[in-house]
Amino acid sequence: MPSLRVAALAALVAAGCPAHTTPPPTMAQAVEAIADDDCAAAEPMLHRLLDEQLGDPAQLHHYLGVCRQTAGDLPGAEAHYREALRLNPALYESINNLGVVLGELGRHDEAVAVLGMLAQAYPDEPEAHYNLGFEQAQAGDLEGALASFRRAAELDTCGAQALLQESEVLRALGRLDERIEVLQEAVRRLPGDGICAVALARALREAGRQQEAVAPLLAAAADPANDASTVAAVALELRNLGHDDHALAAARGAIARAGGDDEALRVATLSYALIARAAGRGDDAEAVLREALVRLPGHRELSFFLGGLLAEQGRCDEAIPLLKAANAAFVSADPASPQARETTRALEACGAAP
């Protein structure tokens, strides 16, 4: 026979009392959790609001789709966005996100259809044209993508992302002069932006107009808004243009900007070492690599570069321990990798076995 407590609980359930004993959340709380990248907290709130009919079901399904998309559950996200649109076909964000999800699922023709409808319904929204252009390019419609990116760039006169995408389509179409014009506009909009400067420099170099690229690159190297990895890319482009001193100064600046970011330090240090070595400044390359290894002891790429540099100078006693450590790390990750083979050859050149 059940206890009185169990029997009372059963009676309450049978009588239809709610299972939840805590006050229901609000939509604002769920949306705030999503904004804080905390879908683990948001999803139970959204489901409860949906179960208890305490919010707009179309909006609730939309935000559940956002959480599923964030979690990488693309089929789940698609299902929620479609349900949101069944309930309210005019939800801009659900249409947009559905198109993006379809593209991420590799269903580009379906994505183009959805986003094309969105761009027609909201002709003044740059995001709609941008996402449509991206999916048109993925589907192989380069002319359509070009038109969409151009429209997005016309509507968003402050940003440069649509221009950068437009330039990539023009590159694929082989229209170099138009590509340069578009990238010059991107640099005008965002002077000092490293990504725009590097893209323009590459196009100008391809056109044989190298010297026009120097000023935008120097502006980008000096702009504090660019992160270490971007400035490292600027430095390498300056090296490609034959401006070694400017390139080394930019790469040294990239190292300074890395701060506590180990990956940024790796990229900046290797960029500096590559430029210095090619410029015949092996001592500078060695010093920078040693500085980085103090913070990242045993790092396989830094050890490999420094070991190879020392081996080139005939300093095999110093090189061998570094090369052995790098080789062991590369072989452990992938015995057939180019780095594993190259470190093996470097050791053999020093008369040592891996």
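Preceding block: the structure.
Here we summarise the structure given alongside this text. Treat the numbers as computed from the prediction; the structure is a model and nothing was measured.

**Observations concerning the overall build of the protein**
Phase 1 of the analysis: On a plain count of helices and strands, the protein comes out with 20 helices and zero strands.
Phase 2 of the analysis: Its C-alpha atoms give the protein a radius of gyration of 28 Å, more than 25% over the compact-globule value 20 Å for 354 residues.
Phase 3 of the analysis: Overall, the protein is about 90 × 60 × 35 Å in size when its C-alpha atoms are taken along their principal axes.
Phase 4 of the analysis: Looking at the protein as a whole, 43% of its 354 residues qualify as buried.
Phase 5 of the analysis: Across the protein, every contact between residues at least 6 apart in sequence was considered, and the portion connecting residues at least 24 apart equals 49%.
Phase 6 of the analysis: Carbon together with sulfur atoms contributes 54% to the accessible area of the protein, which is approximately 17700 Å² in total.

**Focus on helix H20 (residues 338-349)**
Phase 1 of the analysis: Taking 1.5 Å of rise per residue, twelve residues should cover 16 Å, and H20 covers 16 Å from first to last C-alpha, within 8% of that figure.
Phase 2 of the analysis: Within H20 the residues assigned to the buried category are Ala340, Thr343, Thr344, Ala346 and Leu347. Each buried residue of H20 lies within a common arc of 160° when the element is viewed along its axis, so the set occupies one face. For H20, the exposed residues lying more than 90 degrees away from the buried face are Glu348 and Ala349.
Phase 3 of the analysis: Its buried side turned inward, H20 meets helix H18 (300-312) and helix H19 (316-333).
Phase 4 of the analysis: Taken from the residues just after H20, glycine 351 is the one with a positive phi, measuring 75°.

**Side note on the state of the cysteines**
Covalent bonding between the sulfur atoms of two cysteines is what defines a disulfide.
Phase 1 of the analysis: Following the criterion strictly, the structure yields two disulfides and no others.
Phase 2 of the analysis: In this model cysteine 39 forms its disulfide with cysteine 67; the gap between the sulfur atoms is 2.3 Å. Between cysteine 39 and cysteine 67, the disulfide has an S-S torsion of -85° and is therefore left-handed. A residue pair is termed long-range when its members are at least 10 positions apart, and cysteine 39 in helix H3 (residues 39-51) and cysteine 67 in helix H4 (residues 57-70) qualify at 28 residues.
Phase 3 of the analysis: Taking relative accessible area as the criterion, cysteine 67 reaches 1% and is therefore assigned buried.
Phase 4 of the analysis: Taken N- to C-terminal, the disulfide-bonded cysteines of the protein are connected 1-2, 3-4.

**Observations concerning the packing of helix H14 (residues 228-240) against helix H15 (residues 244-257)**
Phase 1 of the analysis: Where H14 meets H15, the axes come as close as 8 Å, and the angle between the chain directions of the two elements is 170°. Here H14 lies roughly antiparallel to H15, going by the angle between them. Within the contact between the two elements, H14 uses Ala228, Val231, Ala232, Ala235, Leu238 and Arg239 and H15 uses Asp244, His246, Ala247, Ala250, Ala251, Ala254 and Arg257.
Phase 2 of the analysis: By residue class, the composition of the contact of H14 with H15 is nine nonpolar, one polar and three charged.

**Things to note about the pattern of salt bridges**
Phase 1 of the analysis: Inspection of every chain in the model, using the stated rule, returns 31 salt bridges.
Phase 2 of the analysis: Residues arginine 266 and glutamate 263 are paired through a salt bridge, measuring 2.6 Å at the closest nitrogen-oxygen approach. Placement of both arginine 266 and glutamate 263 in helix H16 (residues 262-278) is noted, with a separation of three residues, approximately one turn of the helix.
Phase 3 of the analysis: Judged by relative accessible area, glutamate 263 falls into the partly exposed class, the value being 43%.

**Quick notes on the environment of glutamate 178**
Phase 1 of the analysis: Along the chain, the position of glutamate 178 falls in helix H11 (residues 176-189).
Phase 2 of the analysis: Residues glutamate 178 and serine 167, spaced eleven residues apart in sequence, show a C-alpha to C-alpha distance of 8.0 Å.

**Considerations on the environment of valine 114**
Phase 1 of the analysis: Its place among the elements puts valine 114 in helix H7 (residues 108-121).
Phase 2 of the analysis: It is 6.9 Å that separates the C-alpha atoms of valine 114 and isoleucine 95, two residues lying 19 residues apart in sequence.
Phase 3 of the analysis: Once residues lying within four places of it in the same chain are set aside, the contact partners of valine 114 are Ile95, Leu98, Gly99 and Leu102.

**As for the nonpolar core**
Side chains that are nonpolar tend, in soluble globular proteins, to be buried together.
Phase 1 of the analysis: Membership of the largest hydrophobic core comes to 77 residues, with the highest contact counts inside it found for Leu217, Val234, Tyr272, Leu289 and Leu302.
Phase 2 of the analysis: Look past the residues within four positions of leucine 289 in its chain and what remains in contact with it is Thr269, Leu270, Ala273, Leu302, Phe305, Leu306 and Leu309.
Phase 3 of the analysis: Within the second largest apolar cluster, 31 residues are counted, among which are Ile34, Ala58, Leu91 and Tyr92.

Parameters and conventions
- Residues numbered from 1 in each chain as written.
- Predicted model: local features only at pLDDT ≥ 70, side-chain atom pairs only at ≥ 80, totals over all residues.
- Heavy atoms only, no water.
- Helix = DSSP H or I, 4+ residues; strand = E, 2+ residues; numbered from the N terminus.
- Rg over C-alpha atoms; globule rule 2.2 N^0.38 Å.
- Buried < 20%, exposed > 50% of the residue type's maximum accessible area, 1.4 Å probe, protein only.
- Contact = heavy atoms within 4.5 Å.
- Areas by Shrake-Rupley, 256 points an atom, 1.4 Å probe, with all protein chains shown as cover.
- Expected span 1.5 Å × (residues − 1).
- Arc of directions from axis to C-beta.
- Disulfide = S-S within 2.5 Å.
- Axes fitted to C-alpha atoms, helices over the stretch in contact; angles between N-to-C directions.
- Parallel < 35°, antiparallel > 145°, perpendicular 65-115°, else oblique.
- Nonpolar A, V, L, I, M, F, W, Y, C, P; charged D, E, K, R; others polar.
- Salt bridge = Lys/Arg side-chain N within 4 Å of Asp/Glu carboxyl O.
- Core = buried A, V, L, I, M, F, W, Y, C linked by side-chain atoms within 4.5 Å.

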